[in-house]
Amino acid sequence: MGSVIEAIDAAIAEANPSSAGRVYLGASQLGEECERKLWYSFRWSSLIYFEPRMYRLFQRGHNEEHQINAYLRDAGIDVYEVDAETGEQFGFKFAHGHGGGHMDSALNNLPDSNEWHVGEYKTSGDKPFKTMVAKGVQAAKPVHYAQMQIYMHLSGMRFAAYIVVNKNDDDIYFERVQYDQGEAERLIAKAEYIVQADTPPGKLSEDPSFWKCRFC
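Quick caveat, the model's predicted, so the values are computed rather than measured. (Residues numbered from 1 in each chain as written. Predicted model: local features only at pLDDT ≥ 70, side-chain atom pairs only at ≥ 80, totals over all residues. Heavy atoms only, no water.)

Engineer: What should I look at first to understand the sheet that holds strand β5 (residues 105-108) in this one?
Structural biologist: Hydrogen bonding along the main chain pairs the strands of a sheet, whether they run parallel or antiparallel. Pairing in this open sheet of five strands is mixed, and the strands run β2-β5-β6-β7-β8 from one edge to the other. Two strands lie at the open edges of the sheet, namely β2 (78-80) and β8 (172-178), each paired on one side alone. Pairwise comparison of adjacent strand axes, ignoring direction, gives a mean angle of 30 degrees for this sheet. By the bridge criterion, three bridges tie β2 to β5 in an arrangement that is antiparallel. Of the residues in β5, the one forming a bridge with Y80 is A106. (Pairing = 2+ DSSP bridges. Helix = DSSP H or I, 4+ residues; strand = E, 2+ residues; numbered from the N terminus. Axes fitted to C-alpha atoms, helices over the stretch in contact; angles between N-to-C directions.)

Quick look at the structure:
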């Protein structure tokens, strides 16, 4: 008889078979430097499979969203998790309907601000968390920065509240990100190019040993 862990992993694997991934180009993907990677990913060039441990990590991130919202409400911040018109999470479409994403929340009544904010929550290991504290989201996690710029652009909000929880010690990082119209429009144009291009964009490097391409 297998162990309890093996049984858990088997159940997770059965519930999450290999797939081609999303049916759309995600807002969180557009911070990727390599347009060629995005082009192939959008066209389902390969099946995606995650080990059961990764699905547990994903679920932990989802669970953390509810806890962060509870902390925010306790702090007197107005938290809106769903669109009142649809009863579902706030969602956005772009790039002729082929791009999309869902923001974690819409926030109002934050300390020192009377502006609405896009709420974006993440969890992190200790080392990347410290990098985030040192460098900020734009440098440390450009995919998250891009994601927030698109949500601000499409929602009309001028700020985003970026909240990261350190999974090692529950330390919390907060950064207020300001809307950059030029950057948001560049990202939208990038998405439109990816979905419409008939041929794959060029590589970051023709050298397969180049460090950014080595594990592609």
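Engineer: Would you mind showing me how to read the sheet that holds strand β3 (residues 91-94) here?
Structural biologist: With mixed pairing, the three strands of this open sheet are ordered in space as β1-β4-β3. With partners counted over all chains shown, the strands left at the sheet margins are β1 (25-26) and β3, one partner each. Here two bridges tie β1 to strand β4 (residues 99-102), and the two strands are oriented parallel to one another. Bridging across to β4, L25 finds its partner in G99. Packed on one face of the sheet, helix α6 (residues 142-155) meets β3 and β4 and runs near 90 degrees to β3. (Contact = heavy atoms within 4.5 Å.)

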